[in-house]
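Tertiary structure, described
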Amino acid sequence: MEEKKRKLSMVVFSGDMDKLMAAFIIGTGAAASNMDVTMFFTFWGLRALKKPVNTGKGFFGKMLGLMYGGDIRKAGPSKFNFYGMGRWMFKKMMAGKGVLSMVEFRNLALELGIKFYPCSMSMDVLEIEDKDFIKEAQPSVGVGFFIAEALESQITLFI
Amino acid sequence: MEEKKRKLSMVVFSGDMDKLMAAFIIGTGAAASNMDVTMFFTFWGLRALKKPVNTGKGFFGKMLGLMYGGDIRKAGPSKFNFYGMGRWMFKKMMAGKGVLSMVEFRNLALELGIKFYPCSMSMDVLEIEDKDFIKEAQPSVGVGFFIAEALESQITLFI
Amino acid sequence: MEEKKRKLSMVVFSGDMDKLMAAFIIGTGAAASNMDVTMFFTFWGLRALKKPVNTGKGFFGKMLGLMYGGDIRKAGPSKFNFYGMGRWMFKKMMAGKGVLSMVEFRNLALELGIKFYPCSMSMDVLEIEDKDFIKEAQPSVGVGFFIAEALESQITLFI
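Computed from a predicted structure; not experimentally measured. (Residues numbered from 1 in each chain as written. Chains lettered and ligands numbered in written order. Predicted model: local features only at pLDDT ≥ 70, side-chain atom pairs only at ≥ 80, totals over all residues. Heavy atoms only, no water.)

The terminal C-alpha atoms of helix α1 (residues 17-32) of chain B, which comprises 16 residues, lie 22 Å apart, in line with the 22 Å expected from a rise of 1.5 Å per residue. α1(B) sits mainly inside the fold: 15 of its 16 residues count as buried. (Helix = DSSP H or I, 4+ residues; strand = E, 2+ residues; numbered from the N terminus. Expected span 1.5 Å × (residues − 1). Buried < 20%, exposed > 50% of the residue type's maximum accessible area, 1.4 Å probe, protein only.)

Below, the discussion takes up helix α5 (residues 102-111) of chain B. Counting along an α-helix, one turn takes 3.6 residues, and residues three or four places apart therefore face a common direction. Residue and element names in this part refer to chain B. Of all the positions in α5, only Met102, Phe105, Arg106 and Ala109 are classed as buried. Projected down its long axis, α5 carries its buried residues within an arc of 100°, all on one side. Here the buried face of α5 lies against α1 and β3 (115-118). Two residues or fewer past α5, Gly113 is found with a positive phi of approximately 85°. (Arc of directions from axis to C-beta. Contact = heavy atoms within 4.5 Å.)

With that out of the way, let us pick up the confidence of the model for chain A. Residues and elements named next belong to chain A. With 72% of its residues at a pLDDT of at least 70, chain A reaches an overall mean of 82. In the model, residues 80-85 has pLDDT below 50 throughout and makes 13 contacts with residues more than four positions away in sequence or in other chains. Two summary scores accompany this predicted model of the complex, namely pTM at 0.85 and ipTM at 0.82. (pLDDT = per-residue confidence, 0-100.)

Residues and elements named next belong to chain A. Taken as a whole and judged by the stated rule, the model has 15 salt bridges over all chains. Taking the shortest distance from any N to any O, the salt bridge between Glu136 and Lys135 comes out at 3.1 Å. Its relative accessible area of 33% is what places Glu136 among the partly exposed residues. Overlapping salt bridges, with partners in common, bring together Lys7, Glu149 and Glu152 in one network. (Salt bridge = Lys/Arg side-chain N within 4 Å of Asp/Glu carboxyl O.)

All names here are of chain A. Relative to the assigned elements, Asp132 resides in the loop between α6 (120-126) and α7 (143-151). For the pair Asp132 and Lys50, spaced 82 residues apart in sequence, the C-alpha separation works out to 5.7 Å. In terms of polar contacts, Asp132 uses its side chain to reach the side chain of Lys131, at 3.3 Å. (Polar contact = N/O pair within 3.5 Å; in protein donor to acceptor, adjacent residues only side chain to side chain.)

Glancing now at the packing of aromatic side chains. The tally for this structure, following the rule as stated, stands at 21 aromatic pairs over all chains. A centroid spacing of 5.4 Å and a plane angle of 80° characterise the contact between B:Phe41 and B:Phe116, whose relative ring orientation is edge-to-face. Of this pair, B:Phe41 sits in strand β2 (residues 36-41) while B:Phe116 sits in strand β3, and the two are 75 residues apart along the sequence. As far as the burial class goes, B:Phe41 and B:Phe116 line up, both buried. Through pairs of rings, three or more aromatic residues link up here, namely A:Phe13, A:Phe43 and A:Phe158. (Phe/Tyr/Trp six-rings, centres within 6.5 Å; stacked < 30°, edge-to-face > 60°.)

All names here are of chain C. Mapped onto the elements, Lys7 comes out in strand β1 (residues 7-12). At a separation of 3.5 Å, a polar atom in the side chain of Lys7 contacts the side chain of Glu152. Apart from residues lying up to four places away in sequence, Lys7 is in contact with Met35, Asp36, Thr38, Glu149, Glu152, Ser153, Gln154 and Ile155.

Attention now goes to unusual backbone geometry. Residues A:Gln138 and A:Pro139 are joined by a peptide bond in cis, for which omega reads -5°. As for its placement among the helices and strands, A:Pro139 is situated in the loop between α6 and α7. With a phi close to 45°, A:Phe43 is a non-glycine residue in the positive phi region. Within the secondary structure, A:Phe43 sits in the loop between β2 (36-41) and α2 (59-68). In this structure, B:Glu127 is a non-glycine residue whose phi angle is positive, near 55°. With respect to the helices and strands, the residue B:Glu127 is situated in the loop between α6 (120-125) and α7 (143-151). Judged by relative accessible area, which is 24%, B:Glu127 ranks as partly exposed.

The subject of this paragraph is the sheet that holds β3(B). Residue and element names in this part refer to chain B. Here we have 4 strands laid out as an open sheet, ordered β3-β2-β1-β4, and parallel in their pairing. One side of each edge strand has no neighbouring strand; the edge strands of this open sheet are β3 and β4 (155-158). Mean inter-strand twist for the sheet, computed between neighbouring axes without regard to direction, equals 15°. (Pairing = 2+ DSSP bridges. Axes fitted to C-alpha atoms, helices over the stretch in contact; angles between N-to-C directions.)

We now examine the side chain of A:Ser9. Residue and element names in this part refer to chain A. Assignment of secondary structure puts Ser9 in strand β1 (residues 7-12). Separated by 2.7 Å, the side chains of Ser9 and Ser153 make a polar contact. Once residues within four sequence positions are removed from consideration, Ser9 is found in contact with Thr38, Phe146, Glu149, Ala150, Ser153, Ile155, Thr156 and Leu157.

Next comes the structure, spelled out in structure tokens:
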């Protein structure tokens, strides 16, 4: 009889490169340890799921586009405006050390069977639609879904 | 025989509008799923509990007042200084989409029986007193109280 | 027969003074409640483990040094660039209220038996070596180690 797998559920709220990186590292680490992993993307975290080319049509969608430039490849670390460093430095650092890029991490997560769920309320507020996301990011769900997943989880995190 | 309710305990550290919103959405979602919910407000999160009209009298209380303008209705999202957008945008977005305001969310949380506990050490450091908070935010407690609640919880988060 | 101690595991991602403070307060509170506590320091959080005098030699190590000025005593709160307040205010506030300093909190954590583990991947990317840390911060470990600790924990947090 197969034992039920243990589970990690996380809310990915941040859209900062360094925090997204931490979320993917923890998620893939758990999946590699034979756990089920649920990543619930909300608010700024939704950008991690967006397709490479996309601009929202509504006013707020456009504003979000301006703020974040569209997709995961453009994410900068959370401190970049403070110190004038930024995405470039992080990419350079990680490439130099053989660490995966954001897109590679996302692909690895999918290969390891990690489930991506976008938050439907955030999508509504930010005017993002299902078609704006990579096809693996579905279905969009409400907070009740996350709560149910978290209740079955041994590890819960808000990032 | 009644089954013991499952519990969610969270530390609400942030005073940013978007993170407070996420905290209340997760909290009310859990309460609506028939869970007990404990919200332990500390540092910047304490502002979510403040009465509408209030200014600290001490030096540091005043500084905090300047920084945060007093209460939950003035909270801006965590990115507002970066991009010149801010509270206005968020309020507009949420109102347009039928999402509750911060005060409505706080009231809903109370109606659903969520417990609000302010962190006594933070109150002391930031010169905030019990009387500065809405009456439901009590008693103020130490970190040991949070730990005890978290040990009885299936879901723990730091926001 | 002795009962197995309950455990708290946290990822300390932030290097901001206020969040580090929250991490140490929660950690020492749990340890004082007779729990085992594991603190896994990653990205910006690594600074909390650095020795007083230290400057990285590599390019990125130097940049990190510029950004963060080296060690835990220099950490400022997460809002300091927004409002021109900062470390000074926090130190003043905490000293005036009899709250421990960061170094005192770190020492208290060690006295209470809290385990500090630096994240080896972050160390590699940020060009920080074991010798840059206080001697209690070891061994450096990967994310799989954190996952294993978290699976044995009743409370898990990402700070």
